[in-house]
Amino acid sequence: CGAHVAECNVPLIVDLGEARGSASVPLWANEETPTQHLQQLGLLSPRLVCVQETRLAEEDMEALAENGVTMVYCPAHAMRVGRQDAPLPGLLAHGIPVGLGTGDCCLGDSLDLFRTMDQTAKWEAVSSRNPAGLNSRQVLGMGVGHGSRALGSETGGGTLTIGAPADLILLDLT
């Protein structure tokens with residue numbers, strides 16, 4: 001599968017855990033976590049996008065970072081299924097790009113990325129019991145730059161730089 005993904009130059013998107021604690025609980029008889037299993041299969045690479053990450057062990061985050069894996073976090077979906085333990089600060093501290101997703105309309109309620117960024121900031125403050133939570137630069141980076149990487153952009157999407165593709169919007173903050 002990994003060779004086929006590389007040959008076709010497409011991303012491989014994997015749901016890394018839906019239920020509370022599912023990513024931290026070994027799935028196989030040999031006690032592998034889903035991240036370790038993906039590593040054994042040779043699938044950890046910059047082409048891998050993991051969605052709905054839950055509890056990840058330190059060694060899982062290290063493996064994801066070392067292999068250039070991108071994560072996608074869907075806060076509305078997480079709230080709906082009662083999961084409040086996505087390790088966003090840990091993922092960001094390891095240098096793992098975390099993009100934001102809206103999830104599906106059934107569990108996410110909206111496909112509005114601005115709403116998703118707002119939910120991310122608030123949900124992280126509640127779940128971490130830290131009112132500061134993530135700062136606006138981190139949340140915007142997750143919504144724009146890291147999201148662009150999760151979609152496979154290698155040309156600097158999510159930035160305002162020479163040669164990068166861009167759609168520009170203006171926001172009235174008054």
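Reading guide: rules and limits
Residues numbered from 1 in each chain as written. Predicted model: local features only at pLDDT ≥ 70, side-chain atom pairs only at ≥ 80, totals over all residues. Heavy atoms only, no water. Axes fitted to C-alpha atoms, helices over the stretch in contact; angles between N-to-C directions. Helix = DSSP H or I, 4+ residues; strand = E, 2+ residues; numbered from the N terminus. Parallel < 35°, antiparallel > 145°, perpendicular 65-115°, else oblique. Left-handed = near helix turned anticlockwise from the far one by under 90°. Contact = heavy atoms within 4.5 Å. Nonpolar A, V, L, I, M, F, W, Y, C, P; charged D, E, K, R; others polar. Buried < 20%, exposed > 50% of the residue type's maximum accessible area, 1.4 Å probe, protein only. Arc of directions from axis to C-beta. Polar contact = N/O pair within 3.5 Å; in protein donor to acceptor, adjacent residues only side chain to side chain. Expected span 1.5 Å × (residues − 1). Core = buried A, V, L, I, M, F, W, Y, C linked by side-chain atoms within 4.5 Å.

*Asks:* Residues and numbers for the packing of helix 7 (residues 113–127) against helix 8 (residues 136–143), please.
*Replies:* The angle between the axes and the distance between the axes are what describe a pair of packed helices. Put simply, helix 7 and helix 8 touch, their axes get as near as 10 Å, and they point 140° apart. Classified by the angle between their axes, helix 7 and helix 8 sit oblique to one another. In this structure, the crossing between helix 7 and helix 8 has a hand that is right-handed. Of the residues in helix 8, those touching helix 7 at Leu113, Met117, Thr120 and Ala121 are Val139, Leu140, Met142 and Gly143. In terms of residue class, the contact of helix 7 with helix 8 is made up of 6 nonpolar, 2 polar and no charged.

*Asks:* Could you give me a rundown of helix 8, with the residues and numbers involved?
*Replies:* Taken together, the buried positions of helix 8 are Val139, Met142 and Gly143. Seen along its axis, helix 8 keeps its buried residues to an arc of 95°; they face one direction. Where helix 8 starts, the residue carrying a side-chain oxygen 3.0 Å from the main-chain nitrogen of Arg137 turns out to be Asn135.

*Asks:* Any chance you could break down helix 7 for me, citing the residues and the numbers?
*Replies:* Taking 1.5 Å as the rise per residue, helix 7 with 15 residues should run 21 Å; its terminal C-alpha atoms sit 20 Å apart, in good agreement. Here helix 7 has its buried residues at Thr116, Met117, Gln119, Thr120, Trp123, Glu124, Ala125 and Ser127. As for helix 7, its buried residues are in contact with strand 3 (70–73), helix 4 (75–80), helix 5 (88–93), strand 4 (98–100) and helix 8. For helix 7, the capping residue at the N-terminal end is Asp112, with a side-chain oxygen 2.8 Å from the backbone nitrogen of Phe114. Phi for Arg129, located one or two positions after helix 7, is positive at around 55°.

*Asks:* For the nonpolar core, give the residues involved together with the corresponding values.
*Replies:* Ranked by internal contacts, the top residues of the largest apolar core, which has 28 residues, are Leu38, Leu48, Met71 and Tyr73. Within the residue set of this core, elements represented by two or more residues are strand 1 (12–15), strand 2 (48–51), helix 3 (58–66), strand 3, helix 5, strand 4, helix 7 and helix 8. Here the element with the most residues in this core is helix 3; it accounts for 3 residues. In terms of nonpolar packing, the next biggest core, distinct from the first, is built from 5 residues, Val51, Val72, Cys74 and Ala150 among them.

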